Amino acid sequence: EAQVTQNPRYLITVTGKKLTVTCSQNMNHEYMSWYRQDPGLGLRQIYYSMNVEVTDKGDVPEGYKVSRKEKRNFPLILESPSPNQTSLYFCASSIRDGRRGNEQFFGPGTRLTVL
Amino acid sequence: GDSVTQMEGPVTLSEEAFLTINCTYTATGYPSLFWYVQYPGEGLQLLLKATKADDKGSNKGFEATYRKETTSFHLEKGSVQVSDSAVYFCALSDPGTASKLTFGTGTRLQVTL
């Protein structure tokens, strides 16, 4: 089954304790992204990757890191989490296909709480 | 830059009522347009899409038409069900890149018996 998986689905942590949220896709997509969802703000892109070893900042990259060492994986790293990073996080993948509108496929989400 | 504006929610309707959720966009090129749905406690699912002007996307009784002249992509359904209760997001994708969707803020729909 074609899918994007994320782990963990739920995480409660404390300020300053480094954490990693994993993301993996099995569709051989070149593009992968991380978004955060906050009430009243919709989804905002944090980082994206156009292929292995190619990453770039999205709209709200501060406080986050990513890496793309393999095509299928795109982990999100919070080196020193703060309470304002409490949010619902989504990983997504896509291919560049104008006929399909560059549709993105989303993972199930990770709800992060930073105390 | 690109932006998407959706009507504020929540929208509360009785079962079998007609639904419209307005969405307008600003983009420099000719974007693709999407509606995603998020059911309670779940991730985002693509509901429908349109890739060029005058295209109509449809799925599960929902429809939306890409109107370039009014830069709109309003979501409609003729008869909503309780199971349609969810948050609906309008989004656009710049055709020059597959790297990003620009989302509206989302509209919560609650359907009651």
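Computed from a prediction, not measured in an experiment: that's the story for all the values here. (Residues numbered from 1 in each chain as written. Chains lettered and ligands numbered in written order. Predicted model: local features only at pLDDT ≥ 70, side-chain atom pairs only at ≥ 80, totals over all residues. Heavy atoms only, no water.)

Draft legend 1. Main features of unusual backbone geometry. Of note, the amide linkage connecting A:N7 to A:P8 takes the cis form, showing an omega dihedral of -5 degrees. Tracing the backbone shows A:P8 in the loop between β1 (4-7) and β2 (10-13). Cis geometry is found at the peptide bond from B:G9 to B:P10, where omega equals -5 degrees. In this structure, B:P10 sits in the loop between β1 (3-6) and β2 (11-14). At B:D54, a residue that is not glycine, the phi angle is positive and equals roughly 75 degrees. Tracing the backbone through its elements, the reader meets B:D54 in the loop between β6 (44-50) and β7 (56-59). According to the relative accessible area criterion, B:D54 is exposed, its value standing at 53%. Within the chain, B:T71 stands out as a residue other than glycine whose phi angle is a positive 45 degrees. (Helix = DSSP H or I, 4+ residues; strand = E, 2+ residues; numbered from the N terminus. Buried < 20%, exposed > 50% of the residue type's maximum accessible area, 1.4 Å probe, protein only.)

Draft legend 2. Region of interest: the layout of surface pockets. Here the largest pocket is characterised by a volume of approximately 590 Å³. Around the largest pocket sit 27 residues that line it, and A:Q37, B:Q38, B:V87, B:F89 and B:R108 are the ones nearest its centre. Where the lining of the largest pocket is concerned, the elements lending two or more residues are β4 (31-38) and β9 (87-94) of chain A together with β10 (86-93) and β12 (107-112) of chain B. By residue class, the composition of the lining of the largest pocket is nine nonpolar, 12 polar and six charged. The wall of the second largest pocket is formed by 16 residues, among which A:A2, A:Q3, A:V4, A:F106 and B:L44 lie closest to the centre. At the level of secondary structure, the elements contributing two or more residues to the lining of the second largest pocket comprise β10 (104-106) of chain A together with β6 of chain B. Taken together, the residues of the lining of the second largest pocket break down into nine nonpolar, five polar and two charged. (1 Å grid on protein atoms, 1.4 Å probe; cavity = no way out; pocket = protein on both sides within 12 Å on 5 of 7 lines; lining within 4 Å. Points joined across faces, edges and corners; volume = space filled by probe spheres on them. Nonpolar A, V, L, I, M, F, W, Y, C, P; charged D, E, K, R; others polar.)

Draft legend 3. Local environment of the pattern of salt bridges. Enumeration over the complete set of coordinates arrives at nine salt bridges over all chains. Here A:R44 makes a salt bridge to A:D38, at a shortest N to O gap of 2.8 Å. Assessed through its relative accessible area of 26%, A:R44 is described here as partly exposed. The class for A:D38 is buried, based on a relative accessible area of 11%. A salt bridge links B:K100 to A:D59, with the nearest nitrogen and oxygen atoms 2.8 Å apart. Residue B:K100 is located in the loop between β10 and β11 (102-103), and its partner A:D59 is located in the loop between β6 (54-57) and β7 (65-66); the two belong to separate chains. The class for B:K100 is partly exposed, based on a relative accessible area of 25%. A:D59 gets classed as partly exposed once you look at its relative accessible area, which sits at 46%. (Salt bridge = Lys/Arg side-chain N within 4 Å of Asp/Glu carboxyl O.)

Draft legend 4. Layout of the sheet that holds β7(A). All names here are of chain A. Strand order in the open sheet formed by four strands is β1-β3-β8-β7, with antiparallel pairing between adjacent strands. The open sheet terminates on both sides in strands that have one partner only, identified here as β1 and β7. For β1 and strand β3 (residues 19-25), the ladder comprises four bridges, and the chain directions are antiparallel. Within β3, the position partnered with N7 by the bridge is T22. (Pairing = 2+ DSSP bridges.)

Draft legend 5. Focus on the interface of chain A and chain B. Chain A puts 27 residues into the contact, and the matching count from chain B is 24 residues. There are two salt bridges connecting chain A and chain B. At the level of elements, β4, β5 (42-51), β9 and β10 of chain A are the ones that each hand at least two residues to the side of chain A that touches chain B. Taken together, the residues of the side of chain A that touches chain B sort by class into 10 nonpolar, 11 polar and six charged. (Contact = heavy atoms within 4.5 Å.)

Draft legend 6. Representation of the sheet that holds strand β9 (residues 75-77) of chain B. Residues and elements named next belong to chain B. Taken together, the four strands give an open sheet; going across it, the order is β3-β9-β8-β7, and neighbouring strands pair in antiparallel fashion. The open sheet is flanked by β3 (19-21) and β7, the only strands paired with a single partner. Strand after strand, the sheet turns through a mean of 15 degrees between neighbouring axes, direction not considered. Relative to strand β8 (residues 62-65), β7 runs antiparallel, the two being bridged by four bridges. Pairing of N59 across the sheet is with F62, part of β8. (Axes fitted to C-alpha atoms, helices over the stretch in contact; angles between N-to-C directions.)

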